[in-house]
Amino acid sequence: LFGVFYYALLGIRTRRSRYYVAAAILFPVTLGASGRGILIGVILTLLYFVFLLRGPRHALIATVKFLAVTSILLLLAHALSPATLNARMRGLSDAFSALTGSPTQDPSANARIIETLTALPYILAHPFLGNGIVSHQWQGGSETAMGVYFFASDIGIFGILFSYGLLGLLLYAWQYRFAWIATRQIPDSLNIPLLDAIKAFLLYSAIYSIQSGMFVWS
């Protein structure tokens, strides 16, 4: 995934197609079995950097081109393996349905709905300090303690609030303030592709953490 950002941003800066091709080759490998949250996080991150590096007008043109190329690739993927593409699209649809709390055909999405509903009363009861974490070495961990299928790391920002509360969330998020200040202090002469990729990955980790809690659990 770091390579995807590296080559995509190098392509944005240099406007050379070969870097976009390198990013496109690497990208499918990063998605894994589902990749729904990863896909959304990567797209939002790259859109931000296109606007930042190219400006609104060029960013709009680049976005239209990207959508056109994506449409062609989707048609090609449908021709080569319609079942795989349909499964991916159904997974995205189920993920958005889960956000509204509606049951889906995806067991993973349904489990996250149940886990979120399970966590909400505990979050409301202990909003500032959270409920802590039960070790798996203690009678099976949180799943046994809660009496239902429940893992805080499954439900992103809700899992962080459940475990550490608002205070813990702010303390963990403090690392992004450190990163923001550090990037502001780097002179323009040092804006090499490696730093672009680091900045992009940090932004991606913040976006993806809403669903995954990556900046705490990882």
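The coordinates are above.
Residues numbered from 1 in each chain as written. Predicted model: local features only at pLDDT ≥ 70, side-chain atom pairs only at ≥ 80, totals over all residues. Heavy atoms only, no water.

Participant: Give me the lowdown on the side chain of D154, citing residues and values where you can.
Facilitator: Within the fold, D154 resides in the loop between α7 (142-146) and α8 (156-185). Put simply, D154 is tucked away with no salt bridge, and the nearest opposite charge, on R112, sits 4.0 Å away. Contacts of D154, omitting those with residues within four sequence positions, involve R112, E115, Y149 and Q211. (Helix = DSSP H or I, 4+ residues; strand = E, 2+ residues; numbered from the N terminus. Buried < 20%, exposed > 50% of the residue type's maximum accessible area, 1.4 Å probe, protein only. Lys, Arg positive; Asp, Glu negative; His and termini not counted. Salt bridge = Lys/Arg side-chain N within 4 Å of Asp/Glu carboxyl O. Contact = heavy atoms within 4.5 Å.)

Participant: I'd like to hear about helix α3 (residues 36-54), residue by residue, with values.
Facilitator: Here α3 spans 27 Å end to end across 19 residues, near enough to the 27 Å set by a 1.5 Å rise per residue. Inspection of α3 places R36, G37, I38, G41, V42, T45, L46, F49, V50 and R54 among the buried residues, and these make up the whole buried set. Taken from the residues just after α3, G55 is the one with a positive phi, measuring 90°. (Expected span 1.5 Å × (residues − 1).)

Participant: Now, about the pattern of salt bridges: what can you tell me, with residues and values included?
Facilitator: Enumeration according to the criterion identifies 1 salt bridge in this entry. A salt bridge links R13 to D196; the shortest N-O distance between them is 2.5 Å. In this pair, R13 sits in helix α1 (residues 2-14) while D196 sits in helix α9 (residues 193-212), placing the two residues 183 residues apart along the sequence. Residue classification places R13 among the partly exposed residues on the basis of a relative accessible area of 42%. Relative accessible area serves as the criterion here: at 4%, D196 is assigned to the buried category.

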